[in-house]
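Summary of structural features
Each chain, written out:
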Amino acid sequence: MRVFLPVLIAALTVIGLASQGMQACGDKFLLVGRGVKFQRAYAAIYPASIVIYAQPQRSAAKAIRDPRLLTDLKQAGHRVVLVESDAALARALESGKVDLVLTDVADADLTSRQGATSPSRPTVLPVMYEPTREEAKEIESRYQCRLKSSDRADRYLATIDEAMKARVAEKRKKIS
């Protein structure tokens, strides 16, 4: 007992002194500059197969062709294909399963018509370039989304998740 008591006191002292430098799980993320970036931590709830239809001469094409946006979409778990012509869009829609098509608002009607005849019937998400308030309301009412070329990647990801959630709910409704 005489040996046990001093050993116990020494062990408790060492543990007490060492615990001051310990951090709980997640505390290391609170340190300045050590947090996880949104794109790295974000994972799509419903991974989608996305076709980005961006004709180079369109206003919003630069934004939706941005390599950083494509990288963010892929890191979130989406499959992304970039097409630049009507023929390539038709091949992409006919070749496989496509859930969503991101396109310039000027091409949205044509893309919707093509998508309606394809086997997968993708949802079209038009992207607007500097819209007026009236144009934005009109597009939002027709397509149930409001994406602008100036939006950040997290806005695109959230809109894609909402569209996929609606597609999944629609499929479940059809099955029931």
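The rules behind these values
Residues numbered from 1 in each chain as written. Predicted model: local features only at pLDDT ≥ 70, side-chain atom pairs only at ≥ 80, totals over all residues. Heavy atoms only, no water. Helix = DSSP H or I, 4+ residues; strand = E, 2+ residues; numbered from the N terminus. Buried < 20%, exposed > 50% of the residue type's maximum accessible area, 1.4 Å probe, protein only. Contact = heavy atoms within 4.5 Å. Arc of directions from axis to C-beta. Core = buried A, V, L, I, M, F, W, Y, C linked by side-chain atoms within 4.5 Å. Pairing = 2+ DSSP bridges. Axes fitted to C-alpha atoms, helices over the stretch in contact; angles between N-to-C directions. pLDDT = per-residue confidence, 0-100. Salt bridge = Lys/Arg side-chain N within 4 Å of Asp/Glu carboxyl O. Parallel < 35°, antiparallel > 145°, perpendicular 65-115°, else oblique. Left-handed = near helix turned anticlockwise from the far one by under 90°. Nonpolar A, V, L, I, M, F, W, Y, C, P; charged D, E, K, R; others polar.

Notes on the overall build of the protein chain
Counting its regular elements, the protein chain contains eight helices and five strands. Counting helices and strands in the order they occur from the N terminus, the protein chain gives α-α-β-α-α-β-α-β-α-β-α-β-α. Split into buried and exposed, the 176 residues of the protein chain put 35% on the buried side. A sequence separation of at least 24 residues applies to 62% of the contacts in the protein chain between residues at least 6 apart.

A short note on helix 5 (residues 86-95)
Taken as a whole, helix 5 has its buried residues at Ala88, Leu89, Ala92 and Leu93. Each buried residue of helix 5 lies within a common arc of 130° when the element is viewed along its axis, so the set occupies one face. Away from its buried face by more than 90 degrees, helix 5 exposes Arg91 and Ser95. Contacts from the buried residues of helix 5 go to strand 1 (49-53), strand 2 (79-83), strand 3 (100-104) and helix 6 (108-117).

Here we look at the nonpolar core
Ranked by internal contacts, the top residues of the largest apolar core, which has 32 residues, are Ile50, Ile52, Leu73, Leu100, Leu102, Leu125 and Tyr156. The element best represented in this core is helix 8 (residues 153-175), accounting for six residues. Setting aside residues no more than four positions away along its own chain, Ile52 makes contact with Ile64, Leu70, Leu73, Val80, Val81, Leu82, Val83 and Leu102. In this structure, Val51, Val83, Leu89 and Ala92 belong to the second largest nonpolar core, which totals nine residues.

Description of the sheet that holds strand 3
The five strands are arranged 2-1-3-4-5 in an open sheet whose pairing can be described as parallel. The two strands at the open ends of the sheet, each matched to only one other strand, are strand 2 and strand 5 (147-148). Two elements, strand 1 and strand 3, share four bridges in a ladder whose sense is parallel. Bridging across to strand 3, Ile50 finds its partner in Leu100. Sheet strands in contact with helix 5 are strand 1, strand 2 and strand 3, and its direction is about 170° off that of strand 1.

Digging into the confidence of the model for the protein chain
This prediction gives the protein chain a mean pLDDT of 80; 84% of its residues lie at or above 70. Confidence, read as mean pLDDT per element, is least for helix 2 (residues 38-41) in the protein chain (53) and greatest for strand 2 (91).

Notes on unusual backbone geometry
Phi is positive for Arg121, close to 45°, though the residue is something other than glycine. Residue position: Arg121 is located in the loop between helix 6 and strand 4 (123-128).

Considering the pairing of strand 1
Within strand 1, five of the five residues are buried, which leaves the element mostly enclosed by the surrounding structure. Burial along strand 1 is two-sided: the residues Ser49, Val51 and Tyr53 and Ile50 and Ile52 are all buried. Note that strand 1 and strand 2 share five bridges and pair parallel. Residue pairing in the sheet places Tyr53 in a bridge with Val83 of strand 2.

Focus on the pattern of salt bridges
If you walk through the whole model with that rule in mind, you get eight salt bridges. The residue Asp154 makes a salt bridge to Arg152 at a minimum N-O spacing of 2.8 Å. Via salt bridges that share partners, Lys97, Asp99 and Arg167 belong to a single interconnected network.

As for the packing of helix 5 against helix 6
In helix packing, the relevant descriptors are the interaxial angle and the interaxial distance, both defined with respect to the helix axes. For the pair helix 5 and helix 6, interaxial distance at closest approach is 10 Å and the crossing angle is 30°. Here helix 5 is positioned roughly parallel relative to helix 6, judged by the angle of their axes. Of the two elements, helix 5 crosses helix 6, and the hand of that crossing is right-handed. For the pair helix 5 and helix 6, contact is made by Asp86, Leu89, Ala90, Leu93 and Glu94 and by Leu110, Thr111, Gln114, Gly115 and Thr117, respectively. Classifying every residue of the contact of helix 5 with helix 6 by side-chain character gives four nonpolar, four polar and two charged.

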